[in-house]
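For reference, the chains in residue letters:
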There are 2 protein chains.
Amino acid sequence: VDESVSNANDEIAAENRRVFDENHILCVNLMGSPGSGKTTLIECLAPLIGCGNMAVIQGDLESDIDTKRMQALKIICHQINTHSGCHLNAKMLSDALSVLDLSGRKYLFIENVGNLVCPAKIYLGQHLNIVVSSTAEGHDKPLKYAIMFMDADLTIIAKSDLKDAVNFDSIEFLKALARVSRRCKTLMTSKKTPESFEPVRDYLIHERQHIFNEQHSH
Amino acid sequence: VDESVSNANDEIAAENRRVFDENHILCVNLMGSPGSGKTTLIECLAPLIGCGNMAVIQGDLESDIDTKRMQALKIICHQINTHSGCHLNAKMLSDALSVLDLSGRKYLFIENVGNLVCPAKIYLGQHLNIVVSSTAEGHDKPLKYAIMFMDADLTIIAKSDLKDAVNFDSIEFLKALARVSRRCKTLMTSKKTPESFEPVRDYLIHERQHIFNEQHSH
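Because the structure is predicted, anything quoted here is derived from the model rather than measured.

Student: How do you make sense of the overall build of chain A when you look at a structure like this?
Tutor: Helix and strand counts for chain A come out as 9 helices and 7 strands. Taken against the 2.2 N^0.38 rule, which gives 17 Å for 218 residues, the C-alpha radius of gyration of chain A at 17 Å falls within 12% of a compact globule. Dimensions of chain A, computed from C-alpha atoms along their principal axes, come out at roughly 45 × 45 × 40 Å. Within chain A, the fraction of its 218 residues that count as buried is 55%. Long-range contacts, defined as pairs at least 24 residues apart, comprise 74% of the intrachain contacts of chain A with a sequence gap of at least 6. Taken as a whole, chain A presents about 9,300 Å² of accessible surface, with 50% of it coming from carbon and sulfur. Put simply, chain A has 23 plus and 28 minus side-chain charges, and the middle of one group is 4 Å from the middle of the other.

Right, here's the structure in full:
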């Protein structure tokens, strides 16, 4: 049963991916613990990327709190409520895509359910996995939640302003991450220093150019 | 299939509970997001409760980092690694009980996998559900993760020393919690003020006396 469910999911995910590729929309699957800073990341990227260039899909068990935060910034957003569901799946994304107008958008951020385990296993059709891990969670997270970090393209160490208050050791975090992934990049951010999000914007621009190879496709 | 799995789990959980009841061991299922402060809670309770009065079962996908923290304090501890599993189940606990010597212990703390969704649904045989939610995670968590908070007996708002740095609003948290649970108690803690754990100790002593009604049973 599990395998056929997984195959059905991946077929829908491939169709989602086709939509993103045809429209040159970079799709990011944003994952992390509850309260790690996923929504704040999108809020802080918005002025750097331009609200008109982006769209957001918010995944949460309950509530439209995060969608309201997006709407306050005039970012196009669609809320998915999973109720007891611990992750989004490709069908939920597909349904959201059928009602979300993505014309002219360059970036789609899918904020997955706050969970450092379950979303890792489910392919939605995204180009990139970005994991947000706050300094307050501690530097041992990559070792404990290897399944999440091993498939990440980028890990964002969020709330760097709390680093000293919580005795977060960046070197230990990077060592732990290196033990589970050889390829995952890392960037540190804090909403108290908005310029700390500029390298994230640069990363996304670079990845989008690389993936769609825009210099040749136009 | 789901229902028979659930029934099988609950039968084993009932057997676990019988062991706790016969031996007057208060069993606490400790749940919360990754890095919320579950292990720190146990560390800070240890000197207040007495290491000889307690035992710990550590649940993590990978690593024995938390077991080592327990051993450093001479607390009896057994590690369960779930690998990709997003929660403990009654069978894992039963297997752990077969190797962990609980004689003379008054309290068993089960630190579940860091996850604010999945552990909520699985009964292990515990007397109490304690949810640890750090101020760094934000005050909206009870609304977003209602499934976890609605069955909690006690919510611990951890890392209260970060309250101002992260703009945590206690009133908003309590309002959100009240919307999903009428009975859940709350206590605030910070490892920077060890006396903040004394009310947690008092709560546990009171619950243990209440549950085993010790004044009559001896």
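Student: Sorry, what's going on with the packing of aromatic side chains here?
Tutor: By convention here, two paired aromatic rings are described through the distance between centres and the angle between planes. Residues and elements named next belong to chain A. A full pass over the atoms with the stated rule returns 4 aromatic pairs over all chains. Three or more aromatic residues joined by ring pairs form one cluster here, namely Phe 149, Phe 168 and Phe 173. The residue whose ring lies beneath Arg 208 is Tyr 107, and the NZ or CZ to ring-centre distance is 5.8 Å.

Student: Can you help me understand the relation of the copies chain B and chain A in this one?
Tutor: The relation between the two copies of this chain is a rotation about an axis and a shift parallel to it. With an RMSD of 0.0 Å, the fit of chain B onto chain A corresponds to turning through 180 degrees and sliding 0.0 Å along the axis. Viewed as a symmetry operation, the transformation between the two copies matches a two-fold axis. In this assembly the copies share their binding face: 100% of the residues contributing to the interface of chain B also contribute to that of chain A.

Student: Looking at this structure, how should I read the layout of surface pockets?
Tutor: Unoccupied space between atoms shows up once a probe the size of one water molecule is rolled over them. Space inside the largest pocket adds up to approximately 1,200 Å³. Around the largest pocket sit 33 residues that line it, and Asp2(A), His87(A), Asp2(B), Cys86(B) and His87(B) are the ones nearest its centre. At the level of secondary structure, the elements contributing two or more residues to the lining of the largest pocket comprise α1 (2–22) of chain A together with α1 (2–22) and α4 (90–97) of chain B. Here the residues of the lining of the largest pocket are counted per class, giving 16 nonpolar, 10 polar and 7 charged.

Student: Hey, could you run me through the sheet that holds strand β7 (residues 185–188) of chain B in this one?
Tutor: Remark on secondary structure: sheet strands pair via backbone hydrogen bonds, oriented parallel or antiparallel. Residues and elements named next belong to chain B. Overall, parallel pairing links the 7 strands, which are arranged β3-β2-β4-β1-β5-β6-β7 in an open sheet. Looking along the sheet, the strands with just one partner apiece sit at the ends: β3 (76–81) and β7. Across the sheet, the mean angle separating the axes of adjacent strands is 20 degrees when strand polarity is ignored. Of the strands in this sheet, β2 (54–60), β3 and β4 (107–111) are in contact with helix α3 (residues 65–72), which crosses β2 at around 160 degrees.

Student: Sorry, what's going on with the environment of Glu137(B) here?
Tutor: Positionally, Glu137(B) belongs in the loop between β5 (128–134) and α5 (141–144). Taking the C-alpha atoms as reference points, Glu137(B) and Ser36(B), 101 residues apart in sequence, are found 7.8 Å from one another. Once residues lying within four places of it in the same chain are set aside, the contact partners of Glu137(B) are Pro34(A), Gly35(A), Ser33(B), Ser36(B), Leu116(B) and Val132(B).

Student: When you look at the interface of chain B and chain A in this model, what are you seeing that I'm missing?
Tutor: Frequently, the measure chosen for interface size is the accessible area that the parts lose on association. Counting residues at the interface gives 32 residues for chain B, matched by 32 residues for chain A. Joining chain B to chain A, the criterion identifies 2 salt bridges. In this structure, Asp66(A) and Lys144(B) form a salt bridge, with 2.8 Å as the shortest nitrogen-oxygen distance. Across the contact surface, chain B and chain A share 11 residue pairs in polar contact (both at pLDDT 80 or more).

Student: Explanation requested: the sheet that holds strand β6 (residues 154–158) of chain A in the structure shown.
Tutor: Residues and elements named next belong to chain A. Strand order in the open sheet formed by 7 strands is β3-β2-β4-β1-β5-β6-β7, with parallel pairing between adjacent strands. The open sheet terminates on both sides in strands that have one partner only, identified here as β3 (76–81) and β7 (185–188). For this sheet the average axis-to-axis angle between neighbouring strands, irrespective of direction, equals 20 degrees. For strand β1 (residues 26–32) and strand β4 (residues 107–111), the ladder comprises 5 bridges, and the chain directions are parallel. By the bridge assignment for β4, Asn 29 is matched with Ile 110. Running over the sheet, helix α8 (residues 198–212) touches β1, β4, β5 (128–134), β6 and β7 and is turned about 135 degrees from β1.

Student: Which parts of the structure should I look at to understand the nonpolar core?
Tutor: Across soluble globular proteins, nonpolar side chains show a tendency to be buried alongside one another. Counting residues in each nonpolar core, the largest one holds 45 residues, and the members touching the most others are Val117(A), Tyr145(A), Met148(A), Phe149(A), Val117(B), Tyr145(B) and Phe149(B). Of all elements in the fold, only α6 (146–149) and α7 (170–180) of chain A together with α6 (146–149) and α7 (170–180) of chain B reach the threshold of two or more residues within this core. Among the elements that make up this core, the one with the highest residue count is α6(B) (4 residues). If near-sequence neighbours (up to four positions away) are discounted, Val117(A) is found in contact with Tyr145(A), Ile147(A), Met148(A), Leu61(B), Ser84(B), Cys86(B), Val113(B), Gly114(B) and Asn115(B).

Student: I'm lost on the pairing of strand β1 (residues 26–32) of chain B in this one. Help?
Tutor: On any regular strand, side chains alternate: one points to one face of the sheet, the next to the other face. Buried residues dominate β1(B), accounting for 7 of its 7 residues. The alternating pattern of β1(B) places Leu26(B), Val28(B), Leu30(B) and Gly32(B) on one face and Cys27(B), Asn29(B) and Met31(B) on the opposite face, and all of these are buried.

Student: Help me out: how do you make sense of α3(B) in this one?
Tutor: It helps to recall that an α-helix has 3.6 residues per turn; residues three or four apart then point in one direction. For α3(B), the full list of buried residues reads Asp66(B), Thr67(B) and Met70(B). Viewed along the axis of α3(B), the buried residues span an arc of 100 degrees, placing them on a single side of the element. Along α3(B), the residues that are exposed and aim more than 90 degrees away from the buried face are Lys68(B) and Ala72(B). Here the buried face of α3(B) lies against α5 (141–144) of chain A together with α2 (38–49), β2, β3 and β4 of chain B. Immediately beyond the C-terminal end of α3(B), within one or two residues, lies Lys74(B), with a positive phi of roughly 60 degrees.

Student: Explain unusual backbone geometry here, please?
Tutor: Trans peptide bonds make up most of the peptide bonds, and negative phi angles are found at most residues other than glycine. Not every positive phi belongs to a glycine, and Ser63(A) is a case in point at roughly 80 degrees. Summarising the element assignment, Ser63(A) is placed in the loop between β2 (54–60) and α3 (65–72). Even without being a glycine, His24(B) presents a positive backbone phi close to 55 degrees. Tracing the chain through its elements places His24(B) in the loop between α1 and β1. Since its relative accessible area comes to 18%, His24(B) is described here as buried.

Student: In this structure, what is going on with empty space enclosed by the protein? I would like to understand it.
Tutor: Overall, the coordinates contain 1 cavity of 30 Å³ or more when judged by the stated rule. What the largest cavity holds in volume is close to 60 Å³. If you go around the largest cavity, you meet 13 residues; those closest to its centre are Pro34(A), Ser134(A), Glu137(A), Ser134(B) and Glu137(B). Of the residues assigned to the lining of the largest cavity, the class counts are 4 nonpolar, 6 polar and 3 charged.

Each value, and the rule that gives it
- Residues numbered from 1 in each chain as written.
- Chains lettered and ligands numbered in written order.
- Predicted model: local features only at pLDDT ≥ 70, side-chain atom pairs only at ≥ 80, totals over all residues.
- Heavy atoms only, no water.
- Helix = DSSP H or I, 4+ residues; strand = E, 2+ residues; numbered from the N terminus.
- Rg over C-alpha atoms; globule rule 2.2 N^0.38 Å.
- Buried < 20%, exposed > 50% of the residue type's maximum accessible area, 1.4 Å probe, protein only.
- Contact = heavy atoms within 4.5 Å.
- Areas by Shrake-Rupley, 256 points an atom, 1.4 Å probe, with all protein chains shown as cover.
- Lys, Arg positive; Asp, Glu negative; His and termini not counted.
- Charge placed at Lys NZ, Arg CZ, Asp CG, Glu CD.
- Phe/Tyr/Trp six-rings, centres within 6.5 Å; stacked < 30°, edge-to-face > 60°.
- Lys NZ or Arg CZ within 6 Å of the ring centre and 35° of its normal.
- Least-squares fit on C-alpha atoms with pLDDT ≥ 70 in both.
- 1 Å grid on protein atoms, 1.4 Å probe; cavity = no way out; pocket = protein on both sides within 12 Å on 5 of 7 lines; lining within 4 Å.
- Points joined across faces, edges and corners; volume = space filled by probe spheres on them.
- Nonpolar A, V, L, I, M, F, W, Y, C, P; charged D, E, K, R; others polar.
- Pairing = 2+ DSSP bridges.
- Axes fitted to C-alpha atoms, helices over the stretch in contact; angles between N-to-C directions.
- Salt bridge = Lys/Arg side-chain N within 4 Å of Asp/Glu carboxyl O.
- Polar contact = N/O pair within 3.5 Å; in protein donor to acceptor, adjacent residues only side chain to side chain.
- Core = buried A, V, L, I, M, F, W, Y, C linked by side-chain atoms within 4.5 Å.
- Arc of directions from axis to C-beta.

Don't take any of this as a statement about function, it's just geometry.
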